[in-house]
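# Results of the structural survey
Chain residues, written in single-letter form:
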Amino acid sequence: MQNPPTTVVVLGTGGTIAGTAGHALDNVGYTAGQVAVAQLVAAVPSLQAIEAEQVAQLDSKDMTHAAWRELAARCAHHLGRRDVAGVVVTHGTDTLEETAWFLHRVLAPAKPLVLTGAMRPATALQSDGPQNLFDAVTVARTPGARGVLGVLGGQVHGARELRKTHPYRIDAFDSGDAGPIAWVEEGRLRRIRDWPAGDPIGVERLPADAGAWPVVEIVTSHAGARAATVLALCDAGARGLVIAGTGNGTLHAELEQALLQAQARGVRVLRSTRTRAGRVVAADGDRWAAADDLTPEKARVELMLTLL
Ligand code: SIN
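Residues numbered from 1 in each chain as written. Predicted model: local features only at pLDDT ≥ 70, side-chain atom pairs only at ≥ 80, totals over all residues. Heavy atoms only, no water.

## Some details on the packing of aromatic side chains
A complete count under the given rule lists two aromatic pairs for this structure. Ring geometry for W68 against F102: centres 4.6 Å apart, planes inclined by 10 degrees, an arrangement best described as stacked. Taken together, the positions of W68 in helix α2 (residues 65-79) and F102 in helix α3 (residues 96-107) put the pair 34 residues apart, joining distant regions of the chain. For W68, a relative accessible area of 3% gives the class buried. With a relative accessible area of 0%, F102 lands in the buried category. Considering the side-chain rings of F102 and W213, the 6.0 Å spacing of their centres and the 25 degrees angle between planes classify their relative orientation as stacked. Residue F102 is found in helix α3, and its partner W213 is found in the loop between β10 (188-191) and β11 (216-220); the two are separated by 111 residues along the sequence. Comparing F102 with W213 shows no difference in burial state: the two are buried. These aromatic residues form a ring-pair network of at least three members: W68, F102 and W213. A cation over a ring is seen here: R120 above Y168, with NZ or CZ 4.3 Å from the ring centre. (Phe/Tyr/Trp six-rings, centres within 6.5 Å; stacked < 30°, edge-to-face > 60°. Helix = DSSP H or I, 4+ residues; strand = E, 2+ residues; numbered from the N terminus. Buried < 20%, exposed > 50% of the residue type's maximum accessible area, 1.4 Å probe, protein only. Lys NZ or Arg CZ within 6 Å of the ring centre and 35° of its normal.)

Take a look at the structure:
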């Protein structure tokens, strides 16, 4: 019988985990994406059989579709290797959940593809990056683990449920009503839910020119919302609009009228909620499709990939 693969490939994309500040007590005035991924790996004691590759070096607020495509292609390449147990991606926490959902929909891998990051820069007194990286590698090497996962703060989240819910605290992520899939404790996994699965779209379906990806924008419904916002986005080439609706995905009457006009022009509409947790509960006769439990940002990814 063949031995199970043990190599884990760590792909670096930047973020606070690779960030540096002028002194160890500065947790906000740092620059993200400074330290090479090979250095991040070297800073974690007792990591073995690791390969490191720099795919990008950016603050994840500036994530691009071109970087997403490159990342998906590198993940697909390494996950396809027989000697690789799993892949870890170091990523900024600000858009980590969007990248996770994108990779899940494109790859839905049968091996673990684990995203991790940090809320404190590499130079901080209380840097959480090394432990998160160690935990992510533990999950990537766990026999039977699969799917796109986020490992932060000792918790393992599925790409669908994962949300950043706090801008500053180290314990900044959760999985809402569903709860985490597992916890990582002292290098061991305590799992309570199934690994995520899905139907992959495939990297080859993503246009090589990121400028050719369908334009999908998010419109928030709020007091004083204006039809002009929707119409301007349509004029600017939007092919899809995700509504971050109030409550159960409800819309301001002004937006409703504008969206009907947009729909008549062939623009696809998907309704999500701007509440911080839960799902849009669909009802018979709903005018707009609902995004279920996807956040507006993940619903945007979903609609964009649908339009491909
Ligand atoms: C980023 O998202 O790249 C910066 C913030 C963070 O990683 O926490």
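## Structural notes on the domain arrangement of the protein chain
By domain assignment, the protein chain separates into domain 1 (7-191) and domain 2 (214-307). Relative to domain 2, the C-alpha centre of domain 1 lies at a distance of 30 Å. With 14 residues of domain 1 at the contact, the number on the domain 2 side is 16 residues. Each partner contributes to the roughly 1300 Å² buried at the junction of domain 1 and domain 2, and carbon and sulfur atoms together form 52% of this total. Broken down residue by residue, the surface that domain 1 buries against domain 2 is led by W101, R160 and R163, which jointly contribute 48%. Counting across the domain 1 and domain 2 interface gives three salt bridges. Residue D292 pairs with R160 through a salt bridge whose shortest N-O separation is 3.7 Å. Applying the counting rule to domain 1 against domain 2 returns ten residue pairs in polar contact (both at pLDDT 80 or more). Contributions of two or more residues to the side of domain 1 that touches domain 2 are made by α2 and α3. The biggest single contributor to the side of domain 1 that touches domain 2 is α3, with six residues. Residues of the side of domain 1 that touches domain 2, tallied by class, amount to six nonpolar, one polar and seven charged. (Domains from an automatic or database assignment. Contact = heavy atoms within 4.5 Å. Buried area = accessible area lost by both parts, 1.4 Å probe. Salt bridge = Lys/Arg side-chain N within 4 Å of Asp/Glu carboxyl O. Polar contact = N/O pair within 3.5 Å; in protein donor to acceptor, adjacent residues only side chain to side chain. Nonpolar A, V, L, I, M, F, W, Y, C, P; charged D, E, K, R; others polar.)

## Some points on the pattern of salt bridges
Pairs may arise between side chains of opposite charge once their charged atoms sit close together. Applying the stated criterion across every chain yields a total of 16 salt bridges. Salt-bridge contacts for R105 lead to E302; the nearest nitrogen and oxygen are separated by 2.8 Å. Pair noted here: R105 is in helix α3 and E302 is in helix α7 (residues 296-307), with a separation of 197 residues, a long-range link. Accessibility classification places R105 together with E302 in one group, the buried group. Between R193 and E161 there is a salt bridge whose closest N-O contact spans 3.7 Å. Taken together, the residues R193 in the loop between β10 and β11 and E161 in the loop between β6 (155-158) and β7 (163-164) connect sequence positions 32 residues apart. Judged by its relative accessible area of 23%, R193 is partly exposed. The structure contains a network of salt bridges with shared partners spanning R160, R279, D292 and D293.

## Some points on the sheet that holds strand β14 (residues 289-290)
What the four strands build is an open sheet, ordered β11-β12-β13-β14; its pairing is parallel. Edge strands, defined here as strands with exactly one partner in the open sheet, are β11 and β14. Sheet analysis places strand β12 (residues 240-245) next to strand β13 (residues 268-273), joined by six bridges and oriented parallel. Bridge pairing links G240 to R268 in β13. (Pairing = 2+ DSSP bridges.)

## Observations concerning unusual backbone geometry
Its identity is not glycine, yet A49 carries a phi of approximately 55 degrees, on the positive side. With respect to the helices and strands, the residue A49 is situated in the loop between α1 (37-42) and β2 (50-58). Backbone geometry places A108, a non-glycine residue, at a positive phi of 30 degrees. Mapping A108 onto the fold places it in the loop between α3 and β4 (112-116).

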